[in-house]
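# A closer look at the structure
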Amino acid sequence: TSLSFGEYGFWAYDLNTYLYAVHSFHTQADADETIAAYLEALGLKTPEFMRYLHCLEEYSELYFSFCGYAKAYADIRKLPIGAYYEEHLRKIGRAVEKLKKAQDILKDLMAEFPEKEYLKHEEEILKITSLESEGMQLRMAIRLKNAKDKSADKQELMHDFDKVKE
């Protein structure tokens, strides 16, 4: 699917929408060439921007790989604590690190191309993604900590939840 949700989708997922549109009509098109053409149109066809996109791809692979959940559970929204859960938590930690790397690359790109409004939009999306990912990581870690240690200090857990809310 094209990950487009009206006006927001065109803003947040413009590259995905472009790839979907091109490849819907040209099914044999090369994805890297399609991305390069899109970036060229934006004036951002640089090795650094390709590194940025690669970081986002690695982030997605880590964050959205459900570590075997789909094989074992019909509803991944209510996952039991177990091996899959801990593996996913570790992958989310690595995914958060990929986002930090992407943020550093984006900061350099914004310094190099301060006039590019596209990068400012990208920065907003990346901030939202980063906050949501870190929040998920904290929520899962708190849930795991609570499950492993039923006598966990409730005030400490509440402090951890307050960090999530921030």
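In this report, the structure presented in the accompanying data block is examined. (Residues numbered from 1 in each chain as written. Predicted model: local features only at pLDDT ≥ 70, side-chain atom pairs only at ≥ 80, totals over all residues. Heavy atoms only, no water.)

## A short note on the overall build of the protein
Which entries qualify depends on this criterion: Elements are defined by DSSP. Helices are runs of H or I of four residues or more, strands are runs of E of two residues or more, and each kind is numbered from the N terminus. We call a residue buried when its accessible area falls under 20% of the maximum for its residue type, exposed when it is over 50%, and partly exposed in between, using a 1.4 Å probe and counting protein chains only. In this analysis, two residues are considered to be in contact whenever any of their non-hydrogen atoms come within 4.5 Å of each other. A 1.4 Å probe and the Shrake-Rupley method give the accessible areas. Residues count as covered only by the protein chains that appear here.
Broken down by element type, the protein carries eight helices and zero strands. When the helices and strands of the protein are read in sequence order from the N terminus, they spell out α-α-α-α-α-α-α-α. Out of the 166 residues in the protein, the part that is buried amounts to 34%. A separation threshold of at least 6 residues defines the contact pool for the protein, and within that pool the share at least 24 residues apart is 58%. Put simply, the protein shows about 10800 Å² of open surface, and 56% of that area lies on carbon and sulfur atoms.

## Observations regarding the pattern of salt bridges
Rules: Any carboxyl oxygen of Asp or Glu within 4 Å of a side-chain nitrogen of Lys or Arg constitutes a salt bridge here.
Per the stated rule, a full pass over the model turns up seven salt bridges. Among the salt bridges present, the one from Lys 45 reaches Glu 40, with a minimum N-O distance of 3.7 Å. Comparing Lys 45 with Glu 40 shows no difference in burial state: the two are exposed. One salt bridge in this structure joins Glu 87 and Lys 91, with 3.8 Å as the shortest N-O distance.

## Structural notes on a negative patch on the surface
To be explicit about the condition: For patches, a residue must show more than 30% relative accessible area and have no salt bridge; joins then use 9 Å for like charges and 5 Å for nonpolar side chains, namely Val, Leu, Ile, Met, Phe, Trp and Tyr. Charge counting treats Lys and Arg as positive and Asp and Glu as negative, with His and both chain ends excluded. Where a charge sits is defined by one atom per residue type, namely NZ (Lys), CZ (Arg), CG (Asp) or CD (Glu).
Together, Asp 30, Asp 32, Glu 33, Glu 57 and Glu 61 line one region of the surface with negative charge. Mapped onto the negative patch, the elements with two or more residues apiece are helix H3 (31-42) and helix H4 (47-63). Within the secondary structure, Asp 30 sits in the loop between helix H2 (14-25) and H3. Owing to a relative accessible area of 36%, Asp 30 belongs among the partly exposed residues under this scheme.

## What about the packing of H4 against helix H7 (residues 117-148)?
Cut-off, in case you're wondering: Every axis corresponds to a line fitted to the C-alpha atoms, with the helix fit spanning only the stretch in contact, and the corresponding angles, defined between N-to-C directions, vary from 0 to 180 degrees. For classification purposes, an angle smaller than 35 degrees is called roughly parallel, one larger than 145 roughly antiparallel, one from 65 to 115 roughly perpendicular, and anything else oblique. Each crossing is labelled by how the near helix is turned from the far one, with a counterclockwise turn of less than a right angle marking it left-handed and a clockwise turn marking it right-handed.
Between H4 and H7, whose axes approach to 13 Å, the crossing angle comes to 25°. Classified by the angle their axes make, H4 and H7 are roughly parallel. Regarding H4 and H7, the two cross each other, and that crossing is left-handed. Facing H4, whose interface residues are Phe 49, Tyr 52, Leu 56, Tyr 59 and Tyr 63, H7 presents Tyr 118, Leu 119, Glu 122, Leu 126, Thr 129, Glu 132, Ser 133 and Met 136.

## Here we look at the nonpolar core
Test applied: Working definition of a nonpolar core: buried Ala, Val, Leu, Ile, Met, Phe, Trp, Tyr and Cys residues. They are joined through side-chain atoms within 4.5 Å.
Counting residues in hydrophobic clusters, the biggest one holds 31 residues, and the most contacted among them are Phe 49, Tyr 52, Leu 53, Leu 109, Leu 119 and Leu 126. Elements that contribute at least two residues to this core include exactly H2, H3, H4, helix H6 (83-112) and H7. Broken down by element, the residue count for this core peaks at 11 residues, all from H6. In this structure, Leu 109 is in contact with Thr 46, Glu 48, Phe 49, Tyr 52 and Leu 119, ignoring residues within four places of it in sequence.

## A few points about the environment of Lys 101
The topology assignment puts Lys 101 in helix H6. Residue Lys 101 is classed as partly exposed on the basis of its relative accessible area of 39%. Between the C-alpha atoms of Lys 101 and Arg 51, which are 50 residues apart in sequence, the distance is 9.7 Å. Once residues lying within four places of it in the same chain are set aside, the contact partners of Lys 101 are Arg 51 and Cys 55.

## As for H3
Our working rule: Expected helix span is given by 1.5 Å per residue-to-residue step, counting one fewer step than there are residues. Here a polar contact is taken to be a pair of N or O atoms separated by no more than 3.5 Å, where protein atoms must pair a possible hydrogen donor with a possible acceptor and residues adjacent in sequence count only if both atoms sit in side chains.
A rise of 1.5 Å per residue sets the reference length of H3, with its 12 residues, at 16 Å; its end C-alpha atoms lie 17 Å apart and thus fit the reference within 8%. What H3 keeps buried is the set Thr 34, Ile 35, Ala 36, Tyr 38 and Leu 39. Contacts made by the buried residues of H3 are with H2, H4 and H7. N-capping of H3 is provided by Asp 30, with a side-chain oxygen placed 3.2 Å from the backbone N of Asp 32.

That's the geometry; what it means functionally is another story.
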